[in-house]
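Next come the chains, spelled out residue by residue.
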Amino acid sequence: MSGKADPRPAGEGTTSRTRLDRGRGALGPALELVHTGRAPTRAVLTAELGVTRATAGAVAAELEALGLIRVDARPGAAAGSQGRPSHRLSVAEDGPVTLAAQVHADGFRAALVGLGGRIVATAPGCEVIDADPAKVLGSVVAAGAGLLRETGRRCVGAGLAVPSAMAEPEGLALNPMHLAWPEGAPVREIFAEQVRAAGLDGPAFAGNDVNLAALAEHRHGAGRGARDLLCVATGHRGVGGALVLDGRLHTGSSGLALEVGHVAVNPGGRPCHCGSRGCLDVEADPLAFLTAAGREPGPEMSLLKQAGTLIREHDDDPAVRSAVATLVDRLGLGLAGLVNILNPDRIILGGLHGTLLDAAPDRLRAVVADRSLWGRSGGVPILACALDHNSLVGAAELAWQPVLDDPLVILA
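First things first, this report covers the structure right here in the doc. Every chain begins its residue count from 1, and numbering advances along the sequence as written. Per-residue local features are limited, in this predicted model, to residues with pLDDT of at least 70; the limit for side-chain atom pairs, both in listing and counting, is 80 or more; totals at the level of whole chains, interfaces and linings are taken over all residues. Side-chain metrics rest on all non-hydrogen atoms present in the structure, leaving aside hydrogens and water.

**Some points on the nonpolar core**
Here is step 1: If you look at the biggest cluster of nonpolar residues, it comprises 36 residues, and the most contacted ones within it are Val-232, Phe-289, Val-324, Leu-335, Ile-347, Leu-349 and Leu-364.
Here is step 2: Put simply, DSSP marks the helices as runs of H or I at least four residues long and the strands as runs of E at least two long, and each gets a number from the N terminus on. Those elements giving two or more residues to this core turn out to be strand 10 (228-234), helix 9 (286-292), helix 10 (303-313), helix 11 (318-342), strand 13 (346-351), helix 12 (352-359) and helix 13 (361-371).
Here is step 3: Sorting elements by how many residues they give to this core places helix 11 first, with nine residues.
Here is step 4: The contact partners of Ile-347, leaving out residues within four places of it in the chain, are Leu-230, Leu-335, Val-339, Val-380, Pro-381, Ile-382 and Leu-383.
Here is step 5: Here, the term nonpolar core denotes a set of buried Ala, Val, Leu, Ile, Met, Phe, Trp, Tyr and Cys residues that are joined through side-chain atoms within 4.5 Å. Three labels apply to residues, based on accessible area from a 1.4 Å probe with only protein chains included: buried if under 20% of the type maximum, exposed if over 50%, partly exposed otherwise in between. Formed by 34 residues, the second largest nonpolar core is a distinct cluster that contains Ala-110, Val-136, Leu-137 and Ile-190. Contacts are assigned to residue pairs that have any heavy atoms within 4.5 Å of one another.

**Points about the sheet that holds strand 4 (residues 107-113)**
Here is step 1: For two strands to be treated as a pair, DSSP must find at least two bridges joining them. As summarised here, the arrangement of the five strands in space is 5-4-3-6-9, forming an open sheet in which the pairing is mixed. In the strand order of this sheet, the two ends are held by strand 5 (119-122) and strand 9 (204-208), each with one partner. Each neighbouring strand pair of the sheet contributes to a mean axis angle of 25°, computed without reference to strand direction.
Here is step 2: Sheet analysis places strand 3 (residues 97-104) next to strand 4, joined by seven bridges and oriented antiparallel. Looking across to strand 4, one finds that Thr-98 is bridged to Val-113. Note on method: axes are straight lines fitted to C-alpha atoms, helices fitted across the in-contact stretch only, with angles between N-to-C directions ranging 0 to 180 degrees.

**Comments concerning the side chain of Thr-98**
Here is step 1: As for its position among the elements, Thr-98 is in strand 3.
Here is step 2: If we skip the residues at most four places from it in the chain, Thr-98 touches Ala-111, Leu-112, Val-113, Val-156, Gly-157, Ala-396, Ala-399 and Trp-400.

**What about the packing of helix 11 against helix 12?**
Here is step 1: In contact at an axis separation of 10 Å, helix 11 and helix 12 are set at 110° when each is read in the N-to-C sense. Comparing their axes, helix 12 and helix 11 come out roughly perpendicular. For the pair helix 11 and helix 12, the sense of crossing is left-handed. Residue-level contacts link Val-324, Leu-327, Val-328 and Leu-331 of helix 11 to Leu-352, His-353, Leu-356 and Ala-359 of helix 12.
Here is step 2: All residues other than Ala, Val, Leu, Ile, Met, Phe, Trp, Tyr, Cys, Pro, Asp, Glu, Lys and Arg, Gly among them, are scored as polar; the first ten of these are nonpolar and the last four charged. The class makeup of the residues in the contact of helix 11 with helix 12 is seven nonpolar, one polar and no charged. Roughly parallel covers angles under 35 degrees, roughly antiparallel covers those over 145, roughly perpendicular covers 65 to 115, and oblique covers all other angles. Take the far helix as the reference: if the near one is turned anticlockwise from it by less than a right angle, the crossing is left-handed, and if turned clockwise, right-handed.

Shown next as structure tokens:
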């Protein structure tokens with residue numbers, strides 16, 4: 001242990017340690033259940049953990065003593081209910097936070113995120129991205145450090161989302177093509193150096209933005225409860241994909257799984273950055289939509305905002321309707337191929353793809369069902385992502401994971 005004080009009241013440490021000896025192995029699983037909203041009461045926590053009521057109570061009390069959750073021993077009973085209601089459990093709103101950051105082609109954003117995926121504070125976004133990742137990440141961390149000073153919150157770690165395949169275990173950004181960063185930039189190492197230089201506590205992590213969006217949605221959003229979840233999203237440029245298998249993010253042997261942007265959906269289509277033609281990456285992103293709608297990208301807002309605004313506010317324009325149909329068909333074709341390979345039990349769509357789903361849900365679901373073997377047997381649920389800033393929340397999940405694995409690291 002370091003010299004940091006135990007947050008528990010004087011005299012409580014010995015009692016808590018005695019209780020902890022009985023249920024220490026349940027601390028992490030219990031915190032994750034509360035963090036993801038799957039254990040709103042102590043009764044549910046007891047059932048989910050498969051422990052005695054006394055052990056569940058001791059575990060909940062220990063997590064509360066650590067400043068991570070709150071236990072309401074006197075919740076109001078629901079109308080018509082019988083018996084004493086179970087203690088309610090929730091994350092501590094005034095507890096520690098993680099620094100989360102996202103970098104994309106049109107800027108970056110930094111935020112503080114608490115347990116439960118709750119964004120506590122955000123810094124004003126930047127709209128200029130330098131070609132030197134160290135300069136960008138230095139600015140990102142400085143913005144986050146400013147938020148920590150303003151709020152007085154304790155930071156337990158930092159997470160970064162980037163629009164690039166991330167090679168593991170080194171944390172190299174292999175193709176940050178929309179950022180003009182060097183290929184193979186050691187982004188995780190640079191980010192960790194900036195975090196240390198700023199004097200922030202906790203480890204630093206980095207990951208692909210769509211992977212992190214999928215992780216956040218699975219724990220807190222539209223993917224909650226899915227066993228095998230496929231996420232496909234287009235942000236400011238390009239198309240990304242992610243897969244959660246049996247509740248865990250699947251990144252492959254070296255972090256490069258699910259490069260769905262390079263699934264070909266139009267063999268005679270546009271040249272792709274990968275050397276092929278007609279990939280989802282260039283056939284179903286915001287630039288492709290604006291081009292199909294006969295619109296020139298303007299400098300006044302990001303490509304994602306331009307495309308989304310066009311769909312929502314000009315749905316009576318024949319050119320816009322035609323562009324929606326074209327991109328929905330291409331997206332549906334790509335999703336159908338992925339359904340054949342992966343057999344997910346749910347698909348969630350983010351960015352412009354979620355907007356396309358809202359604009360033409362029946363058409364998209366019909367294309368996927370018609371073109372996929374398993375889609376015809378009953379259909380795979382297709383939903384729009386539910387969280388605002390899900391890549392930011394997912395970046396925070398990376399930083400929260402060591403605490404979820406062992407909540408006692410909060411004392412270090």
